[in-house]
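What the coordinates show
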Amino acid sequence: MMAYMSVEDYQGILQGFLVGLVGAKRILEIGTFTGTSAIFFAHALKRNGVKGGADETGHKPIITLDISEEFAETSRQNFIEAGVEDYIEVLVGDANEIIKSLTDITFDIAFVDADKISYRNYYETIVNNDMLNKNGLFIFDNTAFPLDVPTDERLISTKTAIMLHEFNEYIRKDPRVEVVMLPLYTGITLVRLLH
Ligand SMILES: C[S@@+](CC[C@H](N)C(=O)[O-])C[C@H]1O[C@@H](n2cnc3c(N)ncnc32)[C@H](O)[C@@H]1O
């Protein structure tokens, strides 16, 4: 399978560290793939004393969305193997649609790692519907994706790279938030809400 789609180990460790830093209890992930990043998040929640199973919202602590039933099924198997199935719920479908049904839930971390064309829509939906808690954090992946990717398979089109640049510019100028881009891997952007 396309291993390059998953977070690298050190990025997973960093994201797990952020779970503890913001005291996260509920996480929304957009883009599950085979579940690597969700497993890092689940272990971090466990380390920080968060219990598995459904809470008062009726959902497990991590809700992760993927458009592919095949990836969802693979990730569910991986969650069982990793012993974190009580922590992670996979919802299948276009995240642009599913997210509309989650607007009454608040999250401490929203990790956005799916179709780059929709980053702006995910951002606006989450901010405008108060889906992030006061000390909540967005993590956007691949925000500094290079125009030319040195792999056999072309990962991203020039158009998408330009769109990501426009997204970066938009959030950088948005007075509602504070933004820091980490020049790690293909770019990780952290966004904190200003209240
Ligand atoms: C980079 S991978 C996610 C990797 C995962 N977060 C990790 O690090 O282990 C992106 C995933 O987003 C999914 N995806 C793409 N467009 C989507 C959409 N509109 N809605 C939901 N999922 C989507 C793809 O099927 C793919 O599995």
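The structure contained in this document is the topic of the report that follows. This structure is a prediction, so every number in the text was calculated from the model and none was measured.

**Observations concerning the pairing of strand 5 (residues 132-141)**
Among the ten residues that make up strand 5, seven are buried, leaving the element largely enclosed by the rest of the structure. For the crossover from strand 4 (residues 107-112) across helix 5 (residues 119-128) to strand 5, the handedness is right-handed.

**Quick word on the sheet that holds strand 7 (residues 188-193)**
The strands making up a sheet are joined through hydrogen bonds of the backbone, oriented either antiparallel or parallel. Pairing is mixed across the open sheet formed by seven strands, whose spatial order is 3-2-1-4-5-7-6. The open sheet has two edge strands with one neighbour each: strand 3 (88-92) and strand 6 (177-182). Direction aside, neighbouring strands of the sheet carry axes that sit 15° apart on average. Looking at chain direction, strand 1 (residues 27-30) and strand 4 are connected through four bridges and run parallel. Each bridged residue has a counterpart across the sheet, and for Ile-27 the counterpart in strand 4 is Ile-109. Where helix 3 (residues 69-81) meets the sheet, it contacts strand 2 (62-66) and strand 3, and its direction lies at approximately 170° from that of strand 3.

**Things to note about the nonpolar core**
Phe-41, Ala-42, Ile-109, Ala-110 and Val-112 are the most contacted members of the largest nonpolar core, which has 45 residues in total. Sort the elements by how many residues they give to this core and helix 2 (residues 36-47) lands first, with seven residues. Excluding its chain neighbours within four sequence positions, the residues that come into contact with Val-112 are Ile-30, Tyr-119, Tyr-122, Phe-138, Phe-140 and Asp-141.

**Some words on the site of the ligand**
Near the ligand, the surroundings consist of 20 residues, among which Gly-31, Phe-33, Thr-36, Ala-95 and Asp-115 are the closest. Secondary-structure elements contributing two or more residues to the shell around the ligand are helix 2, strand 2 and helix 4 (95-98). Broken down by class, the residue content of the shell around the ligand amounts to eight nonpolar, eight polar and four charged.

**Some words on the environment of Leu-91**
Note on placement: Leu-91 falls in strand 3. The sequence separation of Leu-91 and Glu-178 amounts to 87 residues, and the corresponding C-alpha distance is 30 Å. When sequence neighbours within four positions are dropped, the list of residues in contact with Leu-91 reads Ile-63, Leu-65 and Ile-98.

**Some thoughts on the packing of helix 1 (residues 9-22) against helix 2**
Between helix 1 and helix 2, the least distance of the axes is 8 Å, while the angle of their chain directions is 35°. Every pair of crossing elements has a handedness; the one defined by helix 1 and helix 2 is right-handed. Contacts between helix 1 and helix 2 involve Gly-12, Ile-13, Gln-15, Gly-16, Val-19 and Gly-20 from the former and Thr-36, Ser-37, Phe-40, Phe-41, His-43, Ala-44 and Leu-45 from the latter. Taken together, the residues of the contact of helix 1 with helix 2 sort by class into six nonpolar, seven polar and no charged.

What counts as what
Residues numbered from 1 in each chain as written. Predicted model: local features only at pLDDT ≥ 70, side-chain atom pairs only at ≥ 80, totals over all residues. Buried ≥ 20, exposed ≤ 12 C-beta atoms within 10 Å, placed from the backbone. Helix = DSSP H or I, 4+ residues; strand = E, 2+ residues; numbered from the N terminus. Right-handed = clockwise from strand over helix to strand, strands pointing away. Pairing = 2+ DSSP bridges. Axes fitted to C-alpha atoms, helices over the stretch in contact; angles between N-to-C directions. Contact = placed C-beta atoms within 7 Å. Core = buried A, V, L, I, M, F, W, Y, C linked by C-beta atoms within 7 Å. Near = placed C-beta within 6 Å. Nonpolar A, V, L, I, M, F, W, Y, C, P; charged D, E, K, R; others polar. Left-handed = near helix turned anticlockwise from the far one by under 90°.

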